[in-house]
Each structure stands twice: as C-alpha cells, then as structure tokens.
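# Examining the three-dimensional arrangement
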Amino acid sequence: MAASPVFAEDYAQRSSADGVAMTMDRLVAAVENAGATVFARVNHGAGAASVDMDLVDAELLVFGNPMLGTPALQDDIRAGLHLPLRVLVYGDGEGSVITWQTPEAMFDDLDIADDAAHLERMNGALGNLTAAAAGE
C-alpha cells in the first residue's frame, strides 16, 4: 500500500500485513542497507508490560544519516530537536501500521525553506525505507 497522508498531512503512514516485530526487522534492515545508522529501537509495548500496563504492540526506530540530516542542521540548528528521524510501527489487529512525521511538518517552525532539496531527499528516504518495511 502506498503512503497515505493523515492528520492534516503532518504524518504519513503505510500498512503492513505482517506483525510489528517482522515489519520493524525489515525497517532496520532497510535502514542499515541504505548506509544509515540505527541509534535505537524502542519497544513501547514491552515498556508498558514492564509496569503492568496494557498497550498495543508498538516499536519506535530512531535512525539517521548525516548526509541527509546535516543540511537541515546547517539551515537551523534547532532541527536537532527533530533529528535523527523516527518511525513508529504499531499493531492494528490486522497487521501493523508504519507511521512517521513528514519532514515539512517536523521543520515547519524552523528557518528551513519549504522547498529545500534536503527535505525532498528525506521524504524520498522515508518513503523507500517504509515501503521496504511494509514488504512492498
């Protein structure tokens, strides 16, 4: 399934027929195969379970590539509040949902031009990586 805008185009999402762990494993592999660095894989579901709370299966991947992120930081160092990039994968009862905030939304209030080439490259990378995670 192609990425679809949600939440007034601030976020995008894809569906995966597979569970969260398998979908996230594919995302990690795609990120690493693209030469980017995985900084953290956060299992929100396990965190909730550790304090006896219920939560849908959900994992967050934090990753980046200085070739993509540094130009945004050069435009406005406050971009560091939003970088590295993050993608959330959570269970929806039929598989999983892959969701991320669009670069335009992340940097909306910063001194980064809406038509900056690095935003287009980030969008392309997020699109390609999440397509791989979805098994497309």
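Note that the structure is a prediction, hence the values are computed from the model and not measured. (Residues numbered from 1 in each chain as written. Predicted model: local features only at pLDDT ≥ 70, side-chain atom pairs only at ≥ 80, totals over all residues. Heavy atoms only, no water.)

## Considerations on a negative patch on the surface
There is a patch of like negative charges on the surface, built from Glu-9, Asp-10, Glu-104, Asp-108, Asp-109, Asp-114 and Asp-115. Note that Asp-10 resides in the loop between β1 (4–6) and β2 (11–16). The class of Asp-10 is partly exposed, set by a relative accessible area of 35%. (Patch = residues over 30% accessible without salt bridge, like charges linked within 9 Å, V, L, I, M, F, W, Y side chains within 5 Å. Areas by Shrake-Rupley, 256 points an atom, 1.4 Å probe, with all protein chains shown as cover. Salt bridge = Lys/Arg side-chain N within 4 Å of Asp/Glu carboxyl O. Lys, Arg positive; Asp, Glu negative; His and termini not counted. Charge placed at Lys NZ, Arg CZ, Asp CG, Glu CD. Helix = DSSP H or I, 4+ residues; strand = E, 2+ residues; numbered from the N terminus. Buried < 20%, exposed > 50% of the residue type's maximum accessible area, 1.4 Å probe, protein only.)

## Here's the deal with the pairing of strand β4 (residues 58–64)
Among the seven residues that make up β4, seven are buried, leaving the element largely enclosed by the rest of the structure. Side chains of β4 alternate between two faces, with Ala-58, Leu-60, Val-62 and Gly-64 and Glu-59, Leu-61 and Phe-63 buried alike. Here strand β3 (residues 37–43) runs beside β4; their pairing, made up of six bridges, is antiparallel. Its bridge partner being in β4, Asn-43 is matched across the sheet by Glu-59. Of the pairings in the sheet, the one linking β4 to strand β5 (residues 85–91) comprises six bridges and is antiparallel in character. (Pairing = 2+ DSSP bridges.)

## Considering helix α5 (residues 117–134)
Over its 18 residues, α5 runs 26 Å from end to end, which matches the ideal 26 Å to within 8%, given 1.5 Å per residue. The positive-phi residue at the C-terminal boundary of α5 is Gly-135, with phi of around 85°. (Expected span 1.5 Å × (residues − 1).)

## Concerning the pattern of salt bridges
Evaluation of the coordinates by the stated rule reveals six salt bridges. Salt-bridge contacts for Glu-136 lead to Arg-14; the nearest nitrogen and oxygen are separated by 3.0 Å. Placement of the pair is Glu-136 in the segment after α5 and Arg-14 in strand β2, with a sequence separation of 122 residues. Overall, Arg-14 belongs to the buried group, its relative accessible area being 8%. Between Asp-76 and Arg-78 there is a salt bridge, and its shortest N-O distance comes to 2.7 Å. Given the relative accessible area of 40%, Arg-78 is considered partly exposed. When salt bridges with common partners are traced through the structure, they connect Asp-25, Arg-41 and Glu-59 into a single cluster.

## So, helix α1 (residues 20–33)
Spanning 14 residues, α1 covers 20 Å between terminal C-alpha atoms, matching the ideal 20 Å at 1.5 Å per step. At its buried positions, α1 is contacted by β2, β3, β4, β5, β6 (96–101) and α5. Positive phi shows up at Gly-35, right after α1, with a value of about 85°. (Contact = heavy atoms within 4.5 Å.)

## Overview of the confidence of the model for the protein
Per-residue confidence for the protein gives a mean pLDDT of 93, with 94% of residues at or over 70. Here residues 1–6 is a poorly scored stretch, pLDDT under 50, and it has 16 contacts once near neighbours within four places are set aside; other chains count. (pLDDT = per-residue confidence, 0-100.)

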